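Topology and contacts: notes
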Amino acid sequence: MKEAIPVARAVDHGFAKLMPDIDRERAWLLTVDGAPQSYVDLDDPTHLEFEYARRLGHVLDVVAEPGRALDVVHLGGGALTLPRYVAVTRPGSRQDVVEADRGLLELVAEHLPLPATARVALHAADARAWLGNARGNSADVIVADVFGGSRVPAHLTSVTYVREAARVLRESGVYLANLPDAAPFGFLRSQLATLATVFEELVLIAEPGVLRGRRFGNAVLVAGQRAVDVAALTRLTAADAFPARVEYGAGLRTFVGGARAVRDEDAVPSPEPPDGAFGIG
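A brief look at the structure comes next. (Residues numbered from 1 in each chain as written. Predicted model: local features only at pLDDT ≥ 70, side-chain atom pairs only at ≥ 80, totals over all residues. Heavy atoms only, no water.)

Things to note about the overall build of the chain
Let me state the cut-off plainly: Only DSSP runs of H or I covering at least 4 residues are called helices, and only runs of E covering at least 2 are called strands; the numbering of each starts at the N terminus. C-alpha atoms define the radius of gyration, and 2.2 Å times the number of residues to the power 0.38 defines the globule rule. Classification of residues uses two cut-offs on accessible area relative to the type maximum, computed with a 1.4 Å probe and protein chains only: under 20% is buried, over 50% is exposed, and between them is partly exposed.
Each helix and strand counted, the chain has nine helices and twelve strands in total. On C-alpha atoms alone, the chain measures out to a radius of gyration of 18 Å, which is about the 19 Å that the 2.2 N^0.38 rule sets for 281 residues. Along the first, second and third principal axes, the C-alpha atoms of the chain reach 55 × 40 × 40 Å. Residues classed as buried in the chain amount to 51% of the 281 residues present.

Rendered as structure tokens:
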């Protein structure tokens, strides 16, 4: 077996590296400008290394009966970790991946190609612009995991953007977002308030230490017109090596408090993470 060799290349929005994992034979870590972006195990696409990716995976597991094919839109591509996961856990799913960095898409497609059986279309485009041109009522799930550097871009945080995402989703569809923040959670609370202008049901998943204000970290938001199976989601997240808390209902309304929805003219990127905030989960 030939030894895997790291790959480094300038892409459209930074400098990307693909580094092999010495502990897993065909597993790779993608970094951009030194920040970990994705982890992929080509032999086992169901292995989700990062904490937030596992939580997104748990939601994808409970949004429909096991194994049912779904139409999924991924805003943000990385190394295509979740599209690979869906292709294996929900065979036959049709997936669109929207990534603004064409060079990154090309790097990943060249060195970490998707299985031939995966029905995944790659689009080099801005996430909001692509949604604006997408057919309405065409997606079961939208997964938003978009970062410009280490921050969520401002134009993907407003009511106008959320309305566009809701238009593309079917009535039973679910919107998922990976968002970073720290106490006092001004960004996270405003995003929940923004989603609440369009969606009836909201769920927040985060590590307890983050929610207690002990550290900066990722939270996964789940939004839809119908409730997801919170009990099943709670069981899955509690069983992780790094358990997460699931907040919804009255507890989540208390967390949001008086936060206001974000208008385009007021939108700002997510907070700048402190040094060393993001690593392998």
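What to know about the pairing of strand S4 (residues 35-41)
Going by this rule: The pairing criterion for strands is at least two bridges between them, as found by DSSP.
Examined bridge by bridge, strand S3 (residues 27-32) and S4 share six bridges and lie antiparallel to one another. The partner of Leu29 across the bridge, within S4, is Tyr39. Count of turn residues in the S3/S4 antiparallel hairpin: two residues, of which Asp33 carries a positive phi of about 55°.

Observations regarding the sheet that holds S4
The test is simple: In this description, a line fitted to the C-alpha atoms serves as the axis of each element, helices being fitted only across the stretch in contact, and the angle between N-to-C directions of two axes falls anywhere from 0 to 180 degrees. The contact rule is simple, with two residues in contact once any of their heavy atoms fall within 4.5 Å.
Taken together, the four strands give an open sheet; going across it, the order is S1-S2-S3-S4, and neighbouring strands pair in antiparallel fashion. Looking along the sheet, the strands with just one partner apiece sit at the ends: strand S1 (7-11) and S4. Averaged over all pairs of adjacent strands, the angle between their axes in this sheet comes to 20°, without regard to strand direction. Looking at chain direction, strand S2 (residues 14-20) and S3 are connected through five bridges and run antiparallel. Across the sheet, the residue bridging to Ala16 is Val32, located in S3. On the sheet, helix H3 (residues 102-111) packs against S1, S2 and S3 and is oriented at approximately 155° with respect to S1.

Section: helix H5 (residues 159-168)
Within the sequence span of H5, burial applies to Val159, Tyr161, Val162, Ala165 and Val168. Contacts from the buried residues of H5 go to strand S5 (71-75), helix H4 (127-133), strand S8 (139-144), strand S9 (169-181) and helix H6 (186-196).

Observations regarding the sheet that holds strand S10 (residues 201-206)
Across the sheet, which stays open at both edges, the eight strands sit in the order S7-S6-S5-S8-S9-S11-S10-S12 with mixed pairing between neighbours. Among the strands making up the open sheet, the edge pair consists of strand S7 (119-124) and strand S12 (245-248). Mean inter-strand twist for the sheet, computed between neighbouring axes without regard to direction, equals 15°. Taken strand by strand, helix H2 (residues 81-89) contacts S5, strand S6 (94-99), S7 and S8, and its axis lies near 180° from that of S6. Along the sheet, helix H8 (residues 230-238) contacts S10 and S12; its crossing angle with S12, the most-contacted strand, is approximately 155°.

Here's the deal with the pairing of S7
Put simply, the test is: Note on handedness: a crossover is taken as right-handed if, strands pointing away from the viewer, the path from the first strand over the helix to the second is clockwise.
Examined bridge by bridge, S6 and S7 share six bridges and lie parallel to one another. Looking at the pairing, Val98 lines up with His123 of S7. In terms of handedness, the path from S6 via H3 over to S7 forms a crossover that is right-handed.

Some words on the packing of aromatic side chains
Using the following cut-off: Here a pair means two rings of Phe, Tyr or Trp (six-membered ring of Trp) with centres within 6.5 Å. Their orientation is stacked below 30 degrees between planes, edge-to-face above 60, and tilted elsewhere.
Taken as a whole and judged by the stated rule, the model has four aromatic pairs. A ring pair is formed by Phe50 and Tyr52, whose centres lie 6.0 Å apart and whose planes are at 50°; its orientation type is tilted. On the numbers, 6.3 Å between centres and 70° between planes, the contact of Tyr161 with Tyr175 is edge-to-face. Linking Tyr161 in helix H5 with Tyr175 in strand S9, this pair joins segments that are 14 residues apart in sequence. Classification of Tyr161 as buried rests on a relative accessible area of 2%. Aromatic rings pair up to connect Tyr161, Tyr175 and Phe199 into one cluster.

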